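If you want the building blocks of each chain, they are given just below.
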Amino acid sequence: MDGGEESFDKGRRNFLKIVMVASVGVAAIGMMKGGISEMIAPTLGLTSFPSLTIYDTTGKPLLYENLQVNSSSIVLFEYPLSGDPTFLINLGDTSGKPLDITVPPKPVSIELGTTYTYPTGVGPTGSQSVVAFSAICQHAGCVPPSIHYYPPGTPVPGYYSGSVNTVGLIHCSCHGSTYEPANGAAVKNGPTQNPLPGVFLKYDSSTHQLTAYKMTGPVIFGKPSDLTGGSPLSTPYTKISIIG
Amino acid sequence: MENQDKKGMTEKLLGINPVSLLNEMPVKKNPTYMRKGFLYWTGAMIMVAFVYQIVTGLMLLLYYNPAHPYTSTEYLINNIPYGALINATHLYGAFAMVVLVYVHLFRNYFVGAYKRPRQLQWLTGVILLALTIGVCFFGYSMPGDILGYDASQVGMGMAFNTPIIGTSIATILFGNAANTASLYSRLLGWHIILALLIGMLFGLHFFMAESNNIMPSGKESKHRAPAIVKEDSTMKAWYPYNMAFMIQLSLFVVGFIILIPSIVALIPNVPSLFSPFPGPWRHSPLAENAILYPDYPPWFLLFVYKAVDFFPGFISIIPGFPPIYGGLIATAVFGGIPLVYFLLVPFIDRSDDLHPLKRPIITALGIYFIIYLVILSVWGAMTPGVAVPLQYAVAVLLVPLVIVVLGMLLISKLYRDGKLDITYDRVMTSYFIFLVLLIVGVFALALNFASFMTYSSVGNMINSLAAGIATSFAAIGVARTSSMNNIEKIVPRKPTVYHISEQSATILSAILLVISVAIMFLVINLNPISGQMVFGVGIGVDFIIAGVIIRLYRQVAYNE
């Protein structure tokens, strides 16, 4: 083509051309690896909700009668994936008797304007009092012990006196979000706009065991969906842990 | 001969000659001197950054969820291979675009590229500046972290407080404020719509640039408009000369866009304005830490943000009408006036003079706008949200204007009288740089010293000392360079030509390739989550190495 190039040795020229293409190729390989890896959607998580029987801390199935009513300690189990804390609460009235939640549940409304119903509590007929909710506050993601259940008659520090708290409340001390567990953990008081995601429980009347099998309501705080963003439990059951 | 045969083969196979096709593309040939540096290619660099933004933006779109903006972003960063790297380089690619758009604007302003025949090209360019800042604003708000949330709230406040049509504007831009999804799907939508508008307008801008060709050097145009290079047979073909240069340029731009945020990400405690990661969730206790996360807009809007402090609250302008929101006045005055000025400048300055010193007022205003951007941005970063009396602000902004305009008129007079030789270019450039430094330095010194006097701390004492030293340095520089202007003889600079022999180029390229392969080998199998920023450093360096190898090839093969 133009002048000043004829003097350039052809062997060197071809070598330089190869080096040039190779160096761009090396950079491109890195770029492709990064770009394609990013676009592959992660396969972590599950495609459907697992059915997991709740076990106690000793590694045996947890029985209904062993779950304390209005427990002062926080009882948690992991559901649906490993590391997702969920409250397990045996609701009671002010006298400490199991609260029978068999009245048809009211719809719970969430921020996007839709409503859903959380089913009744589970347990023996006449005392269907056990409920389960995600233990991550929907407002800013605070976890137990910042957020926990206050049995009826106990004051919620800085918010409600014992006489106002008649039905039992889940309250988050980070910013004051309060939920009503007897009503599907509907929002009692902001700043949260979403209720706590509910976990469906099954009660086996012959074995007295409890099984978590499904979820409803908003997505667990901090996750793209309930079933992704974590790894499944390595056990076919889910064990409780107790704080306090 | 072998080459000829190969071409013959492709031609036989495809029925076309690819090289002649490349040379028939509607792109102009360029004089060789333009390929010496990057100064003639600031627009091309913006284009490369823009393409990088589109590619990474679409990759981020795959994971963005407007109903859960923060959690979906955090999920991308913490769980997706190379997600944090792509997110961080998308942010810094935007920063690069903003900086390059300003560099491009001021370069073309000072050389008079807005004059005929490029007036329309200039107009589309100024609109592209506004669109770029807009697209960056929406993008910055999208993660829903405390910084982005603050930015979107300020924007929403301004939109709502626009008289009469405020509610309509706010709902068009930000949705009906019903919930998170409503706001963030609008932010996402406008981010993409504005990017699309930039792409379309850029197409127009690009083809105008191709038909007008790149503005030639002052020497070639003899500083008279219209400055046009005529294509002639002595110019080298676009392929392979300009194409090799464009590939080299693209590799450098992309290399630095990847390299810089990767290095910044490895440094602990980067100030929130420049952090390559989103800040904390807006409701988390950490977000309320005003020292770590002051109420800042993105840095490229800091200058308007400081101006808001000059107009606190609502101000009644026309008696009998409701008062107007101060932030809106500030934006209209401090953002709008420069924009309108740049839009009108081709119609204000219609002379054929292209030399900056023959257009003293225009050049002075350009320098002043740079000082103005720097002063207001630094001021905004140091004392965000502290109200300033309007008369004080006017004084602070007026003093540099007077200095710059008077100084330029003086220098221009010297130039016209022939006392400033054109070969003193370099001294002049240093003189201007020192002058700008001096003004900024005096300002920083005054501000720091004032705060030192009212409240002494080690921090502001060190700041005052540093500003003092910088100011003295700049003052000495101004004095030295201005006295140099009077020296009759300055030894003319010999053009430095870096000549490298074929042999050294070959060996050097081979060594660089080996280093490049070694780096890739080291970083490619790092953990794609925890090691991704180190991976970014490696990729960035490899891009730059590839650029250097092409530079070497152009030197020995094309003698460029």
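Visitor: Where do I start with the sheet that holds strand β9 (residues 178–180) of chain A in this structure?
Guide: Sheets are built from strands paired through backbone hydrogen bonds, the pairs being either parallel or antiparallel. Residues and elements named next belong to chain A. Spatial ordering of the open sheet is given by β7-β8-β9-β10, a layout of 4 strands whose pairing is antiparallel. At either end of the open sheet lies a strand with only one pairing partner, and these are β7 (147–150) and β10 (186–189). Here the strands of the sheet are splayed against their neighbours by 30° on average, with no regard to which way each runs.

Visitor: Before we go on, may I ask you to explain helix α1 (residues 10–39) of chain A in this structure?
Guide: Because an α-helix packs 3.6 residues into every turn, residues spaced three or four apart end up facing the same way. Taking 1.5 Å of rise per residue, the 30 residues of α1 of chain A would be expected to cover 44 Å, and the 43 Å separating its terminal C-alpha atoms lies within 8% of that figure. Buried positions along α1 of chain A lie against α3 (42–61), α5 (83–110), α18 (502–523) and α19 (532–558) of chain B.

Visitor: So what exactly am I meant to see when it comes to helix α4 (residues 69–79) of chain B here?
Guide: Residue and element names in this part refer to chain B. In terms of residue burial, α4 counts as a mostly covered element, since 9 of its 11 residues are buried. Regarding α4, the residues found buried are P69, Y70, T71, S72, T73, E74, Y75, L76 and I77. Buried residues along α4 sit in contact with α5 and α9 (180–212).

Visitor: Sorry if this is basic, but what is going on with the nonpolar core here?
Guide: One broad trend across soluble globular proteins is that nonpolar side chains are buried collectively. Ranked by internal contacts, the top residues of the largest apolar core, which has 141 residues, are M45, A49, M97, I257 and I549 of chain B. Among the elements that line this core, the one with the most residues is α19 of chain B, at 15 residues. Beyond its immediate stretch of four places on either side in the chain, A49 of chain B contacts G93, A96, M97, L100, V253 and I257 of chain B. If you look at the next biggest cluster of nonpolar residues, it comprises 49 residues, including V75, V131, L210 and L233 of chain A.

Visitor: Just checking my understanding: could you explain unusual backbone geometry for this structure?
Guide: Among all residues except glycine, the phi angle is most often negative; among peptide bonds, the trans geometry is most common. That bond from A225 of chain B to P226 of chain B is cis: its omega, -5°, falls within 30 degrees of zero. Following the sequence through the fold, P226 of chain B ends up in the loop between α10 (218–221) and α11 (238–266). In this structure, A185 of chain A is a non-glycine residue whose phi angle is positive, near 55°. Residue placement: A185 of chain A occurs in the loop between β9 and β10. Of note in the backbone geometry, H208 of chain A takes a positive phi value of approximately 65° without being a glycine. By C-beta crowding, H208 of chain A is classed as partly exposed, having 16 other C-beta atoms within 10 Å.

Visitor: Whenever I open this one, the pairing of strand β2 (residues 74–78) of chain A confuses me. Can you help?
Guide: Side-chain direction in a regular strand flips from residue to residue, so the side chains alternate between the two faces of the sheet. Residues and elements named next belong to chain A. Most of β2 is tucked away, with 4 of its 5 residues classed as buried. As paired elements, β2 and strand β13 (residues 237–243) share 4 bridges and run antiparallel to each other. Each bridged residue has a counterpart across the sheet, and for F77 the counterpart in β13 is I240. Judged from the 3 bridges that link them, β2 and strand β3 (residues 85–90) form a sheet pairing that is antiparallel.

Definitions and cut-offs
All residue numbers refer to position in the chain's written sequence, counted from 1. Think of it this way: whatever chain is written first is A, whatever ligand is written first is 1, and the rest follow in order. Predicted model: local features are reported for residues with pLDDT of at least 70 only, side-chain atom pairs are reported and counted for 80 or more only, and whole-chain, interface and lining totals are derived from all residues. At least two DSSP bridges between two strands are required for those strands to pair. In DSSP terms, a helix is any run of H or I states spanning at least four residues, a strand is any run of E spanning at least two, and both are numbered starting from the N terminus. To obtain an axis, a line is fitted to C-alpha atoms, over the contacting stretch when the element is a helix, and the angle between two such axes runs from 0 to 180 degrees between their N-to-C directions. Helix span is expected to be 1.5 Å times the residue number reduced by one. Whether two residues are in contact is decided by their C-beta atoms, placed from the backbone, lying within 7 Å. Put plainly, a residue is buried at 20 or more neighbouring C-beta atoms within 10 Å of its own, exposed at 12 or fewer, and partly exposed in between, counting only other residues' C-beta atoms, which are placed from the backbone. Think of a nonpolar core as buried Ala, Val, Leu, Ile, Met, Phe, Trp, Tyr and Cys residues chained together by C-beta atoms that fall within 7 Å.

Everything listed is a geometric property; what it means functionally is a separate question.
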